Amino acid sequence: MRLDVCKHCISVEPEGMTDLSRGFLTREVSRGVFMLTNGNYQSLLVTTGEGVVLVDAPEPLVQYIEPAVSDVTDEPIKTLVYSHGHSDHIGGAYLLQRPGLEIIAEERVAKFIADKHDGRRLPPTRVFTDQTTLQIGSRTIDLKRDEFHSPEGDLIIFLPKEKVMMAVDLIAPGWVPLLDFDITANMFVYLGVFDRILSYDFEAFISGHTADVGHRRDVELTKAYAFDVYETVKRVHGEINMKELLAEERDNEQAGIKRLIEEVTAKAAADVKTRWLNGPMKGVDLWTESHCRAMLLYVRWSD
Ligand SMILES: [Zn+2]
């Protein structure tokens, strides 16, 4: 049964309804383009007329990929793209190994995988530098390197005709980012990526996590939250009198730094929570302290 659920998404599974009785569900985000999820991880599945292009192969999801593909198309899986090098998103690649499978990764992710000697993350068969465009059958898929999450690099994956975007481990629809702004390795690049992403003309956003498809509003909300944390931490940090604090710690500089980190983190988190707790995104109670601490390390030493 297909139901139109919003102007952006035509879902095999209606948005908001999460029937995982088969262990997975598939949401059609544009004709022939699907998000596949087990409720936690996501892959993107693109029919092309010349074989399916899959983005990512999280190990817990791989057992469902073949049934999900055969539900929606007769095309075989011919191409696997790695969104980034983290094992939780591509560590099931070895289970998809088959003759002729093309695996595509950015150069620095390919080098990282080679250095790891990890048999689960199959080495790519096609490596590009910075950006490339896949023209396969009816589809155009733009791949552009960013560095908002992992030090080896993360792809912004964009289907311009379908207005579908995928960027993994940046946002999760309905949730604030995970610990430390999803363990971003570079807060400066992280804060800048929201505008880079919003400059694309996309409607559906595949985040890599949750059972849901995101939209522009989810990216805008996470941006507003991240910049609120940034501005709050910057203000609270600026109010700290380091001289007084050091005197209280008998000029033990390291004890002073530790107290500064703890005090700014606690004060900023309490402030941020007044605006976001019970707001549109879950997880504020879980992660806001870690966000403020991660932001403070950036504000104090890099900003
Ligand atoms: Zn990751």
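Residues numbered from 1 in each chain as written. Predicted model: local features only at pLDDT ≥ 70, side-chain atom pairs only at ≥ 80, totals over all residues. Heavy atoms only, no water.

Trainee: Sorry, what's going on with the sheet that holds strand 6 (residues 52-55) here?
Mentor: By definition, the strands of a sheet pair up through backbone hydrogen bonds, in either a parallel or an antiparallel sense. Across the sheet, seven strands lie side by side as 3-4-5-6-7-8-9; this open sheet has mixed pairing. What marks the edges here is a single partner per strand, and that holds for strand 3 (25-30) and strand 9 (126-128). Each strand axis lies, on average, 25° off the axis of its neighbour in the sheet, ignoring direction. Where strand 4 (residues 33-37) meets strand 5 (residues 42-46), five bridges bridge the pair, whose relative direction is antiparallel. (Pairing = 2+ DSSP bridges. Helix = DSSP H or I, 4+ residues; strand = E, 2+ residues; numbered from the N terminus. Axes fitted to C-alpha atoms, helices over the stretch in contact; angles between N-to-C directions.)

Trainee: Hey, could you run me through the coordination of the zinc ion in this one?
Mentor: Around a metal, the ideal angle is 109.5 degrees if four donors adopt a tetrahedral arrangement and 90 or 180 degrees if six donors adopt an octahedral arrangement. Coordination of the zinc ion by the protein comes from His84 (NE2), His86 (ND1), His149 (NE2) and Asp169 (OD), over a distance range of 2.2 Å. Coordination at the zinc ion is irregular, judged from the four donor atoms that bind it and the angles of 88 to 168° they form at the metal. Donor residues for the zinc ion, ordered by position in the chain, follow H-x1-H-x62-H-x19-D. Of this pair, His86 sits in the loop between strand 7 (77-81) and helix 2 (87-90) while Asp169 sits in the loop between strand 13 (164-166) and helix 4 (179-183), and the two are 83 residues apart along the sequence. (Donors = N, O, S within 2.8 Å, 3.2 Å for Na, K, Ca; no water. Tetrahedral: all angles 85-135°; square planar, octahedral: opposite > 155°, others 65-115°.)

Trainee: I'm lost on a nonpolar patch on the surface in this one. Help?
Mentor: Taken together, the side chains of Leu178, Leu179 and Ile183 present a nonpolar region at the surface, about 260 Å² in accessible area. Within the secondary structure, Leu178 is located in the loop between strand 13 and helix 4. The exposure class assigned to Leu178 is partly exposed, which follows from its relative accessible area of 47%. (Patch = residues over 30% accessible without salt bridge, like charges linked within 9 Å, V, L, I, M, F, W, Y side chains within 5 Å. Areas by Shrake-Rupley, 256 points an atom, 1.4 Å probe, with all protein chains shown as cover. Salt bridge = Lys/Arg side-chain N within 4 Å of Asp/Glu carboxyl O. Buried < 20%, exposed > 50% of the residue type's maximum accessible area, 1.4 Å probe, protein only.)

Trainee: What is the right way to read helix 1 (residues 59-72) from this model?
Mentor: Structurally, the α-helix is built with 3.6 residues per turn, so residues lying three or four positions apart point the same way. At Ile65, helix 1 is deflected by roughly 40°, the largest bend along its length, and proline Pro67 occurs up to four residues later in sequence. Here helix 1 has its buried residues at Leu61, Val62, Tyr64, Ile65, Ala68 and Val69. Packing partners of the buried residues in helix 1 comprise strand 3, strand 4, strand 5, strand 6 and strand 7. (Bend = angle between axes of the 7 residues up to and from the residue. Contact = heavy atoms within 4.5 Å.)

Trainee: Explain the side chain of Thr48 here, please?
Mentor: Turning to its location among the elements, Thr48 is positioned in the loop between strand 5 and strand 6. A polar atom in the side chain of Thr48 sits 2.8 Å from the backbone nitrogen of Glu50. Not counting chain neighbours up to four residues away, the residues in contact with Thr48 comprise Val53, Glu75, Ile136, Gly137, Ser138 and Arg139. (Polar contact = N/O pair within 3.5 Å; in protein donor to acceptor, adjacent residues only side chain to side chain.)

Trainee: I keep staring at the environment of Ser290 and nothing clicks. Help me out?
Mentor: Tracing the sequence through the fold places Ser290 in helix 9 (residues 284-301). Owing to a relative accessible area of 11%, Ser290 belongs among the buried residues under this scheme. Separated by 24 residues in the primary sequence, Ser290 and Ala266 have C-alpha atoms spaced 9.8 Å apart. Ignoring any residue separated from it by four or fewer positions in sequence, one finds Ser290 in contact with Leu179 and Asp180. From its side chain, Ser290 meets the backbone oxygen of Trp287 in a polar contact 3.0 Å long.

Trainee: Hey, could you run me through the environment of Phe128 in this one?
Mentor: With respect to the helices and strands, Phe128 occurs in strand 9. Note: C-alpha distance between Phe128 and Ala105 (23 residues apart in sequence) is 6.7 Å. Apart from residues lying up to four places away in sequence, Phe128 is in contact with Ile104, Ala105, Glu106, Glu107, Leu143 and Leu155.

Trainee: What should I look at first to understand the packing of aromatic side chains in this one?
Mentor: Centre-to-centre distance and the angle between the planes together describe a pair of aromatic rings. Applying the stated rule across the entire model yields nine aromatic pairs. Taking 5.8 Å as the distance between ring centres and 55° as the angle between the ring planes, the aromatic pair formed by Phe202 and Phe205 counts as tilted. Ring plane angle 45° and centroid distance 6.3 Å describe the contact between Tyr230 and Tyr298, whose orientation is recorded as tilted. On the criterion of sequence distance, the pair formed by Tyr230 in helix 6 (residues 216-239) and Tyr298 in helix 9 is long-range, its members being 68 residues apart. On the accessibility criterion, Tyr298 (9% relative accessible area) is buried. Looking at Arg300, its charged tip hangs above the ring of Trp301, at a distance of 5.7 Å from the centre. (Phe/Tyr/Trp six-rings, centres within 6.5 Å; stacked < 30°, edge-to-face > 60°. Lys NZ or Arg CZ within 6 Å of the ring centre and 35° of its normal.)

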